[in-house]
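Structural features, examined
So you can see what is in the structure, the chains are spelled out below.
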Amino acid sequence: VQLQASGGGLVQAGGSLRLSCAASGRTFSTYAMGWFRQAPGKEREFVAAISRSGDNTNYKDSVKGRFTISRDNAKSTVYLQMNSLKPEDTALYYCAADRLGRATMTLEHYYYWGQGTQVTVSS
């Protein structure tokens, strides 16, 4: 599967952005999906994950209550709604697909990766 992330940009602290990740192919619903981010000089870290059906979600503690992951299997797209953004949310955001459907926080579980979309939050 090929993944194409979009929706990043520059926003002031307290603002919102919605990231999208469009997947190619007809098997999107068989993958759990995740969002990760990487700030300059830091390791890539987990942000959120969603199960194949969308019934189960998982979040990094620092984004709980601010970010919401969702998916539309008919459109082969996963979303990350980001509200109340903070400067520390600034990073390159990646979407990823877990072909075994685990929806975990573990980076190594994700086999397919998109190219990343930049999110910059100014103070």
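Structure report, in brief.

Some details on the state of the cysteines
Tallied over the full model, the rule gives one disulfide. Between the sulfur atoms of Cys 21 and its disulfide mate Cys 95 the distance is 2.1 Å. Taking the sign of the torsion about the S-S bond as the criterion, the disulfide between Cys 21 and Cys 95, at about 60 degrees, is right-handed. Highlighted residues: Cys 21 in strand β3 (residues 17-23) and Cys 95 in strand β9 (residues 91-98), separated in sequence by 74 residues.

As for unusual backbone geometry
For Ser 84, which is not glycine, the phi dihedral falls at a positive 50 degrees. Locating Ser 84 in the fold gives a position in the loop between β8 (77-82) and β9. One non-glycine residue, Ala 103, lies in positive phi territory at about 55 degrees. Position of Ala 103 among the secondary structure elements: in the loop between β9 and β10 (112-113).

What about the pattern of salt bridges?
Where charged atoms from two side chains of opposite charge come close, those side chains can pair. Using the criterion set out here, one finds six salt bridges in the structure. In this structure, a network of salt bridges that share partners links the residues Arg 37, Glu 45, Lys 60, Arg 66 and Asp 89.

Regarding the pairing of β9
Working note: regular strand, side chains alternate between the two faces of the sheet. The buried fraction of β9 amounts to seven of the eight residues, a majority that puts the element mostly inside the structure. The pairing of strand β4 (residues 32-38) with β9 spans seven bridges and is antiparallel. Within β9, the residue paired with Phe 36 across the bridge is Tyr 94. With three bridges connecting them, β9 and strand β11 (residues 117-122) associate as antiparallel partners. Looking at the pairing, Tyr 93 lines up with Thr 117 of β11.

Cut-offs used in this document
Residues numbered from 1 in each chain as written. Predicted model: local features only at pLDDT ≥ 70, side-chain atom pairs only at ≥ 80, totals over all residues. Heavy atoms only, no water. Disulfide = S-S within 2.5 Å. Helix = DSSP H or I, 4+ residues; strand = E, 2+ residues; numbered from the N terminus. Salt bridge = Lys/Arg side-chain N within 4 Å of Asp/Glu carboxyl O. Buried < 20%, exposed > 50% of the residue type's maximum accessible area, 1.4 Å probe, protein only. Pairing = 2+ DSSP bridges.

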